[in-house]
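So the chains spell out like this:
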Amino acid sequence: MNLRLPSKVLEHIISFIDSNEDRNSVSLVCKSWFETERKTRKRVFVGNCYAITPAAVARRFPEMRSLTLKGKPHFADYNLVPDGWGGYAWPWIEAMAKKSPSLEEIRLKRMVVTDECLELIAASFKDFKVLVLTSCEGFSTDGIAAIAATCRNLRVLELRECIVEDLGGDWLSYFPETSTSLVSLDFSCLDSEVKLSDLERLVSRSPDLKSLKLNPAVTVDGLESLLRRAPQLTELGTGSFSAELKPEAFSKLSEAFTNCKQLKCLSGLWDVLPEYLPALYSVCPGLTSLNLSYATVRMPDLVELLRRCSKLQKLWVMDLIEDKGLETVASCCKELRELRVFPSVPDLDATNVALTEQGLVFVSQGCPKLESVLYFCVQFTNAALITIARNRPNIKCFRLCVIEPFAPDYKTNEPLDKGFKAIAERCKYLQRLSVSGLLTDKAFKYIAKHAKKVRMLSVAFAGDSDLMLHHLLSGCESLKKLEIRDCPFGDTALLENASKLETMRSLWLSSCFVSFGACKLLSQKMPRLNVEVIDEHPPETRPESSPVERIYIYRTVAGPRLDMPEFVWTIHKNPEIGVSHLAIK
Amino acid sequence: MSESVAAEHDYIGLTEFPTMEATMSDITKNEDGLNFKATELRLGLPGSESPERVDQRFLSIKSSCPVSGAKRVFSDAINGSNKWVFSSGSTTATGDVGSGSGPGSSAVKDGKSTTFTKPAVPVKEQKSSATAPASKAQVVGWPPIRSFRKNTMASSQSLKQGNNSEIKEAEAKSGPEQPCLYVKVSMEGAPYLRKIDLKTYKSYLELSSALEKMFSCFTIGQFGSHGGCGRDGLNESRLTDLLRGSEYVVTYEDKDSDWMLVGDVPWEMFLCSCKKLRIMKSSEAIGLAPRVMEKCRSRN
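These numbers come from a predicted model, not from an experiment. (Residues numbered from 1 in each chain as written. Chains lettered and ligands numbered in written order. Predicted model: local features only at pLDDT ≥ 70, side-chain atom pairs only at ≥ 80, totals over all residues. Heavy atoms only, no water.)

**Details of the overall build of chain B**
And step 1. Broken down by element type, chain B carries ten helices and five strands.
And step 2. Sorting the 300 residues of chain B into buried and exposed places 43% on the buried side.
And step 3. Long-range pairs, those at least 24 residues apart, make up 62% of the contacts in chain B with a sequence separation of at least 6.
And step 4. As displayed, chain B has an accessible area near 15,100 Å², and 54% of this comes from carbon and sulfur atoms. (Helix = DSSP H or I, 4+ residues; strand = E, 2+ residues; numbered from the N terminus. Buried < 20%, exposed > 50% of the residue type's maximum accessible area, 1.4 Å probe, protein only. Contact = heavy atoms within 4.5 Å. Areas by Shrake-Rupley, 256 points an atom, 1.4 Å probe, with all protein chains shown as cover.)

**A closer look at the environment of Leu438(A)**
And step 1. By the element assignment, Leu438(A) lies in the loop between β17 (432–434) and α16 (441–450).
And step 2. Considering only alpha carbons, one finds Leu438(A) and Asp409(A), 29 residues apart in sequence, at a separation of 7.8 Å.

**Structural notes on a negative patch on the surface**
Residue and element names in this part refer to chain A.
And step 1. A cluster of acidic side chains, namely Glu-116, Glu-119, Asp-142, Glu-165 and Asp-170, defines a negative patch on the protein surface.
And step 2. Positionally, Glu-119 belongs in helix α6 (residues 115–124).
And step 3. Residue classification places Glu-119 among the partly exposed positions, given a relative accessible area of 39%. (Patch = residues over 30% accessible without salt bridge, like charges linked within 9 Å, V, L, I, M, F, W, Y side chains within 5 Å. Salt bridge = Lys/Arg side-chain N within 4 Å of Asp/Glu carboxyl O. Lys, Arg positive; Asp, Glu negative; His and termini not counted. Charge placed at Lys NZ, Arg CZ, Asp CG, Glu CD.)

**A closer look at unusual backbone geometry**
And step 1. Between Met299(A) and the following residue, Pro300(A), the backbone shows a cis peptide bond with an omega angle of -5°.
And step 2. Among the structural elements, Pro300(A) can be located in the loop between β12 (289–291) and α11 (301–306).
And step 3. For the bond running from Trp142(B) to Pro143(B), omega is -5°, close enough to zero to count as cis.
And step 4. Along the chain, Pro143(B) falls in the loop between α4 (74–82) and α5 (147–154).
And step 5. At Arg110(A), a position not held by glycine, the phi torsion is positive, near 55°.
And step 6. Checked against the element boundaries, Arg110(A) lands in the loop between β3 (105–109) and α6.
And step 7. If you check the backbone angles, Asp486(A) has positive phi at about 55° while not being a glycine.

**Considerations on helix α14 (residues 382–391) of chain A**
Residues and elements named next belong to chain A.
And step 1. Residues of α14 that are buried include every one of Asn-382, Ala-384, Leu-385, Ile-388 and Ala-389, and no others. An end-on view of α14 places all buried positions within 165° of arc, on one side of the element. For α14, the exposed residues set more than 90 degrees away from the buried face come down to Ala-383 and Arg-390.
And step 2. The inward-facing, buried residues of α14 contact α13 (357–366), β16 (397–402) and α15 (417–426). (Arc of directions from axis to C-beta.)

**Structural notes on the sheet that holds strand β2 (residues 194–197) of chain B**
Residues and elements named next belong to chain B.
And step 1. Spatial ordering of the open sheet is given by β2-β1-β5-β3-β4, a layout of five strands whose pairing is mixed. In the strand order of this sheet, the two ends are held by β2 and β4 (259–261), each with one partner. Geometrically, the sheet is characterised by an average inter-axis angle of 35° between neighbouring strands, direction not taken into account.
And step 2. Here helix α7 (residues 204–214) sits on the sheet in contact with β1 (182–187), β2, β3 (248–253) and β5 (276–281), set at roughly 155° to β2. (Pairing = 2+ DSSP bridges. Axes fitted to C-alpha atoms, helices over the stretch in contact; angles between N-to-C directions.)

**Some thoughts on the pattern of salt bridges**
Pairs can form between side chains of opposite charge once their charged atoms are near each other.
All names here are of chain A.
And step 1. Scanning the model with the defined rule gives 40 salt bridges over all chains in all.
And step 2. Taking the shortest distance from any N to any O, the salt bridge between Arg-107 and Glu-105 comes out at 2.7 Å.
And step 3. A relative accessible area of 26% means that Arg-107 is categorised as partly exposed.
And step 4. Among the ionic contacts, a cluster of salt bridges with common partners joins Arg-23, Glu-37, Arg-41 and Arg-60.

**Quick word on the side chain of Lys500(A)**
Residues and elements named next belong to chain A.
And step 1. Tracing the sequence through the fold places Lys-500 in the loop between α18 (492–496) and β20 (506–510).
And step 2. Here Lys-500 occupies a buried position and makes no salt bridge, while the nearest side chain of opposite charge, Glu-477, is found at 7.9 Å.
And step 3. Not counting residues up to four positions away in its chain, the partners in contact with Lys-500 are Leu-472, Leu-473, Gly-475, Cys-476, Glu-477 and Leu-479.

**Description of the packing of α13(A) against α14(A)**
Residues and elements named next belong to chain A.
And step 1. Contact geometry of α13 with α14 gives a least axis separation of 9 Å together with a crossing angle of 15°. Between α13 and α14, the angle falls in the class roughly parallel. Viewed along their axes, α13 and α14 form a crossing whose handedness is left-handed. Between α13 and α14, the contacting residues are Glu-357, Leu-360, Val-361, Ser-364 and Gln-365 on the first element and Ala-384, Thr-387, Ile-388 and Asn-391 on the second.
And step 2. For the contact of α13 with α14, the residue count by class is four nonpolar, four polar and one charged. (Parallel < 35°, antiparallel > 145°, perpendicular 65-115°, else oblique. Left-handed = near helix turned anticlockwise from the far one by under 90°. Nonpolar A, V, L, I, M, F, W, Y, C, P; charged D, E, K, R; others polar.)

**Remarks on the nonpolar core**
Buried together is how nonpolar side chains tend to be arranged in soluble globular proteins.
And step 1. In terms of nonpolar packing, the biggest core is built from 203 residues, with Leu290(A), Phe380(A) and Phe398(A) touching the most fellow members.
And step 2. If one sorts the elements of this core by residue count, strand β15 (residues 372–377) of chain A sits on top with five residues. (Core = buried A, V, L, I, M, F, W, Y, C linked by side-chain atoms within 4.5 Å.)

**Re the environment of Gly325(A)**
Residue and element names in this part refer to chain A.
And step 1. Residue placement: Gly-325 occurs in helix α12 (residues 322–332).
And step 2. With a relative accessible area of 0%, Gly-325 lands in the buried category.
And step 3. For Gly-325 and Ile-17, which are 308 residues apart along the polypeptide, the C-alpha to C-alpha distance reads 43 Å.
And step 4. Here Gly-325 is in contact with Met-299 and Val-303, once residues within four sequence places are set aside.

**Observations regarding the packing of aromatic side chains**
And step 1. Overall, the coordinates contain 22 aromatic pairs over all chains when judged by the stated rule.
And step 2. Ring centres of Tyr50(A) and Trp85(A) lie 5.6 Å apart, and the angle between their planes is 85°; this geometry places the pair in the edge-to-face category. With Tyr50(A) in the loop between β1 (43–46) and α4 (54–60) and Trp85(A) in the loop between β2 (66–70) and α5 (90–99), the pair connects residues that are 35 residues apart, well separated along the chain. Each member of the pair, Tyr50(A) together with Trp85(A), is buried.
And step 3. Centroid distance Phe461(A) to Trp142(B): 5.2 Å. Interplanar angle 90°. Geometry classified as edge-to-face. Here the residue Phe461(A) occupies a position in the loop between β18 (456–460) and α17 (466–474), and Trp142(B) occupies one in the loop between α4 and α5, the pair thus bridging two chains. Side by side, Phe461(A) and Trp142(B) carry an identical accessibility label, which is buried.
And step 4. Here the aromatic cluster, defined as three or more aromatic residues joined through ring pairs, consists of Tyr50(A), Phe75(A), Tyr78(A), Trp85(A), Trp508(A), Tyr552(A) and Tyr554(A).
And step 5. Seen from the ring of Tyr50(A), Arg561(A) lies directly overhead, with NZ or CZ sitting 4.5 Å from the centre.
And step 6. The ring of Tyr294(A) has Arg149(B) lying over it, and the distance from NZ or CZ to the ring centre is 4.3 Å. (Phe/Tyr/Trp six-rings, centres within 6.5 Å; stacked < 30°, edge-to-face > 60°. Lys NZ or Arg CZ within 6 Å of the ring centre and 35° of its normal.)

**A few points about α12(A)**
And step 1. The set of residues buried in α12(A) consists of Glu322(A), Asp323(A), Gly325(A), Leu326(A), Thr328(A), Val329(A) and Ala330(A).
And step 2. Where α12(A) is buried, its residues contact α11, β13 (314–318), β14 (338–342), α13 and β15 of chain A.

**Remarks on the confidence of the model for chain B**
Residue and element names in this part refer to chain B.
And step 1. Residue-level pLDDT values for chain B average 52, and 28% of them are 70 or greater.
And step 2. Contacts from residues 1–136, a stretch scored under 50 in pLDDT, to residues over four places away or in other chains number 243 contacts.
And step 3. The low-confidence segment residues 162–178, where pLDDT is below 50, has 13 contacts with residues more than four positions distant or belonging to other chains.
And step 4. Two summary scores accompany this predicted model of the complex, namely pTM at 0.72 and ipTM at 0.88. (pLDDT = per-residue confidence, 0-100.)

**Here's the deal with the UniProt feature "domain: F-box" (unreviewed entry) in chain A**
And step 1. In the numbering adopted here, UniProt assigns the feature "domain: F-box" (unreviewed entry) to residues 5–46 of chain A.
And step 2. Helix and strand shares over residues 5–46 of chain A are 60% and 10% respectively, and the end C-alpha atoms of the span are 30 Å apart. (UniProt positions renumbered as here; feature names shortened; annotations may be inferred.)

**Here's the deal with the packing of α14(A) against α15(A)**
All names here are of chain A.
And step 1. One way to put it is that α14 packs onto α15 with a least axis distance of 7 Å and a crossing angle of 10°. Classed by the angle they form, the pair α14 and α15 counts as roughly parallel. Note on element contacts: α15 touches α14 through Asp-417, Lys-418, Gly-419, Phe-420, Ala-422, Ile-423 and Arg-426, opposite Asn-382, Leu-385, Ile-386, Ile-388, Ala-389 and Arg-390.
And step 2. Residues of the contact of α14 with α15, tallied by class, amount to seven nonpolar, two polar and four charged.

**A look at the pairing of β1(A)**
All names here are of chain A.
And step 1. Alternating residues of β1 divide into Val-44 and Val-46, all buried, and Arg-43 and Phe-45, none buried.
And step 2. Note: β1 against β2, four bridges, orientation parallel. Paired with Val-46 across the bridge in β2 is Leu-69.
And step 3. Assessed by its sense of winding, the connection that carries the chain from β1 through α4 to β2 is right-handed. (Right-handed = clockwise from strand over helix to strand, strands pointing away.)

Okay, structure coming up:
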């Protein structure tokens, strides 16, 4: 039976497939499907920039228009990855500039981006449209100026929580007067003040502008003026809301907000004074996303705002909301899908005792669509976890951070094993899980057995022995990213389950008891894994059985990387050469 | 008063967890009947046993603690934030396992030291008076909050002011009219502290049993054992005898910022003047008693 479709037909069919996971499956069917798929893929996602070489990507996807890359491991967000580890964007930009000049969109996360990179982007991609940098570093406002000045059709420029060398606010004035294509601008992470008149003119001549996120240097007056010029905004990040309130300013601002009838997402609100909040009341009924996580507003002002947001789907807030506030959210925000509660005092000395596990229980009871949770809390109970799991089996992302390490169920003094067991068992669609509090190996047995769809798992200060790691690596069928810190297992489980590691994107281990010898063995046994030991001292100066501080293991077809700093050690695949870090100067 | 070193105390209910030896044998023959030992990858020659890796740091825990050797003490996380500390000779019996003589041991680069950019989380010292014991250190990357958020919150003025006034209010409140009286409880050697509402206890007895429960993982559980009698019918002076006899004592900081032994003054007076509690080793608390006498004298 001849099942071969003409390639044009196949191409047409495949062009309807957007999901890269599906496309990856398509490409495995047979050679001709592989060829057809690769020639039609426009949006390329590389989850680990060291898993494959830029040249290989450019070669495989000649029609690439959008490239998304991720660099450093997730725990870099919490200062666990030393500076200089890697994640450089340059080799990618350089390769794409030569081989994929039609590239239009670049999205980078946790990568080191230099001004040279940005200048090269500006110079090489004629129809460049979208630049999104998330948690990146290494560049200055000069690089941004280059993008602004040169990319004539730029639509999206977003700097999300980047560390930027701020040389002043001039970069904004580099947008030429002819630039009218802007759809989204986010400079909320920059410090310097930009010239308001430049910003006003830019906003006025950008009729398609839908998303504008200002930095804290923009005043209330500035905000009001911008809103008047862009009432069509759907996403707004306000500037600073903490200036002294003048009555006319307040009423003008209220009016400006009233005219923004399409506003759906609101963020910023740095240090907002409670007196300003009523200016926002007019937009509340239409809001689907509200980020109050930098707003130092307390109860009851918070509740006055939230009870008006009946369509809210996403809420980010600080623990200043307290259980009472979450009770109100549970009764007013029935469309809520995502809740994140951050600590207002971000250290171990947590002082807000008015936010407890009860707050999350309220929301799990009252919000039937709740599927994504990030919750920081001083302590927790099994009963609460079980209740939450029973109420919301539709949860897909559950990240609980019990701020006290090793904190047991504070009512029964037991480990939180039972609670997380309930979460794993009942939430059958769970894709992302972070556990905390006092946990024994048993907890991981339950998770391994039941959490079949979990792709990313974060563990800290938990477990008793190698069993915990063994459970996770021999269970958890869908596991792709595992990050563990400060857990008491050694080499055994890791070496036992070496083959699992090739089915995963990456594994991060820090402050555990894995020895250098095990790393060597693993590296020799598994040629398609890069086993990076991140350690200040050369590992040979210690016995092979002594533990190493940090290990980052990831699958790769690119071989060991050549840009390692002096503190990253990989075992050379040729045992005669031994340990090296092949740093290129 | 010496610096509190986060020593090799185990911080979890010690009776609950298996020792390292038990754990290893669990692995070699677990409930599913899989024999891991047969397939176990080892570092030595075939036929030799991999040495059990018992970390020396745990062997020095007081003998009265049932040791859970497998746990990495929190102190290492703290130490790791500032210095890259490896206890040399941290493992026993390396035997024929890689003592550096294997084929892969020669390094390409010479061993010169490199400048290493450490993650930027300093150890935070307590800002209070010189007589107060040093507080616990901060741990790198915990709680897991992005630097961007940490930096933004650190510069947030209204939050700082808000917190300060909250704390002052809480500390100024005392006496039965107030709904609750939260004080921090820290323990020497423990990596974190707790907060308790003193209003929920009616006597020193209740307080001490609550504290013991909270920090039982740290203490050697000698509260009940001294003098051979149970805790029934304990009055205040008996309790203080007990506390004084054991390894640890409970002290508190009063309104004058002096550190006093808990149990010396009537309960109501204690409630009025206690600002925070600290459980410290008896040896550290020796200097406190005379001050208590002075205070009593000056009041009477």
